[in-house]
Amino acid sequence: VITRYIYCVMNTNKKNNQKITKSNSLINGSYRLSLNELRIVLYGLSFINPLDENFTLSHRFSIKDIAAFYNIKQENLGSFYTNIQDALTKQFWKREFTYFDEDIQEFVSERWLIQIRYGNKNGTLAYHYNPLIAKELQNLSKRFTSYFLSNVANMKSAYSIRLYEIAVLYLNMSKHRQTTFKVDIDELKKKLCIENKYQRFHHLKARVLETAKREINKFSDISFKYEVLKIGRQPVEIKFTVSRRDVANPV
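Residues numbered from 1 in each chain as written. Predicted model: local features only at pLDDT ≥ 70, side-chain atom pairs only at ≥ 80, totals over all residues. Heavy atoms only, no water.

## Quick word on the overall build of the protein chain
In terms of helices and strands, the protein chain carries eight helices and eleven strands. Across the protein chain, the fraction of contacts at a sequence separation of at least 24, relative to all contacts at a separation of at least 6, is 65%. Working note: accessible area of the protein chain is about 13100 Å², and carbon and sulfur atoms make up 46% of it. (Helix = DSSP H or I, 4+ residues; strand = E, 2+ residues; numbered from the N terminus. Contact = heavy atoms within 4.5 Å. Areas by Shrake-Rupley, 256 points an atom, 1.4 Å probe, with all protein chains shown as cover.)

## Some points on the sheet that holds strand S6 (residues 113-117)
With antiparallel pairing, the three strands of this open sheet are ordered in space as S3-S7-S6. Edge positions in the sheet fall to strand S3 (58-62) and S6, since each has one partner strand and no second. Taken over all neighbouring pairs, the strand axes of this sheet differ in orientation by 20° on average, direction set aside. In this sheet, strand S7 (residues 124-129) lies alongside S3 in antiparallel orientation, the contact comprising five bridges. Bridge pairing in S7 links Ser58 to His128. Sheet strands in contact with helix H4 (residues 77-91) are S3, S6 and S7, and its direction is about 20° off that of S7. (Pairing = 2+ DSSP bridges. Axes fitted to C-alpha atoms, helices over the stretch in contact; angles between N-to-C directions.)

## Here we look at the packing of aromatic side chains
Within the structure shown, the criterion is met by eleven aromatic pairs. In textbook terms, an aromatic cluster arises when at least three aromatic residues are bridged by ring pairs, as seen for Phe61, Phe92, Trp112, Tyr127 and Tyr129. Note that Arg39 overlies the ring of Tyr70, its terminal NZ or CZ placed 5.3 Å from the centroid. (Phe/Tyr/Trp six-rings, centres within 6.5 Å; stacked < 30°, edge-to-face > 60°. Lys NZ or Arg CZ within 6 Å of the ring centre and 35° of its normal.)

## Here's the deal with the pairing of strand S9 (residues 178-184)
Covered by surrounding structure in S9 are Thr179, Phe181 and Val183 only, the residues Gln178, Thr180, Lys182 and Asp184 on the alternate face being uncovered. Alignment of S9 against strand S11 (residues 234-244), held across seven bridges, turns out to be antiparallel. From the neighbouring strand, Thr179 faces S11, where its bridge partner is Val242. (Buried < 20%, exposed > 50% of the residue type's maximum accessible area, 1.4 Å probe, protein only.)

## Let's talk about the pattern of salt bridges
Enumeration according to the criterion identifies four salt bridges in this entry. Between Arg162 and Glu165 there is a salt bridge, with the nearest N and O atoms lying 3.3 Å from each other. With Arg162 and Glu165 both in helix H6 (residues 158-174) and three residues apart, this pair spans about one turn of that helix. Since its relative accessible area comes to 4%, Arg162 is described here as buried. By relative accessible area, Glu165 is classed as buried at 0%. (Salt bridge = Lys/Arg side-chain N within 4 Å of Asp/Glu carboxyl O.)

## Re unusual backbone geometry
Positive phi is not limited to glycine here, since Asn71 has a value of about 60°. Take Asn71: it is sitting in the loop between helix H3 (63-69) and H4. Despite not being glycine, Cys193 shows a phi value in the positive range, around 55°.

## Here we look at the packing of H6 against helix H8 (residues 201-219)
The interhelical angle for the contact between H6 and H8, taken along N-to-C directions, is 70°, at an axis separation of 8 Å. The orientation of H6 relative to H8 falls into the category roughly perpendicular. Contacts between H6 and H8 pair Tyr159, Ser160, Leu163 and Tyr164 from the former with Arg207, Val208, Leu209, Thr211, Ala212, Glu215 and Ile216 from the latter. (Parallel < 35°, antiparallel > 145°, perpendicular 65-115°, else oblique.)

## A look at the environment of Val208
Structurally, Val208 can be placed in helix H8. Spatially, the C-alpha atoms of Val208 and Tyr159 are 6.1 Å apart, while their sequence positions differ by 49 residues.

## Looking at the sheet that holds S11
Within the open sheet, the three strands sit side by side as S9-S11-S10. Their pairing is antiparallel. Looking at the sheet topology across the chains shown, the edges are occupied by S9 and strand S10 (222-231). Within this sheet the neighbouring strands show an average axis-to-axis angle of 20°, counted without direction. Pairing of S10 with S11, which is carried by ten bridges, proceeds in the antiparallel orientation. Bridge pairing links Tyr226 to Phe240 in S11. Relative to the sheet, H6 contacts S9, S10 and S11, its axis offset from that of S9 by approximately 125°.

Listed below in structure tokens is the structure:
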């Protein structure tokens, strides 16, 4: 059992080598972020080194830089700016995450942010993390999952990114090039914070599982497939099979 929510990010200047490191507890935890919120978080995290003594909780990013990273076309920059600003000011600002702290044997819910800054003329946005999570941001865990940001940069579904993270978690834990794991359907929906959505399984399959399978296999460094396990006619579990591919940071 992982005891805390902890993540770290290795700093680098090259897009293809920007590496995200999150603790398994965060990936296994319950949190909901939209695609543009995930874009903000992952892009920002890739420049943080929590081992640095000058670690800061404040971060400012350029819309042009983040758009370039995610391959947003020039004609879409205006709407992208609006969508990213809305993601920060109307969504991420209100978000919280929940994890189980083994040390105190309690569930803990925290807000991500305490301040946001926007509306200037230089095309940048800024945010300040909640200082109550500074300890979690700075401490390192031996149990973590790392992946290159370029593996998810071209994905258009937040569910694809989350399922990629979960798949890589199990693959890394197995220490093999291929592994299988099962997840109860209700538990999977909880991880993705969609407990009240996709009540019909064929909707979940079409809009979450198939989309993730298509994007993960097209853009990332792993092969991803799944099998629906049933009791009678009732789907109850998903069996995932994931394996590493011989490709280096696809874009």
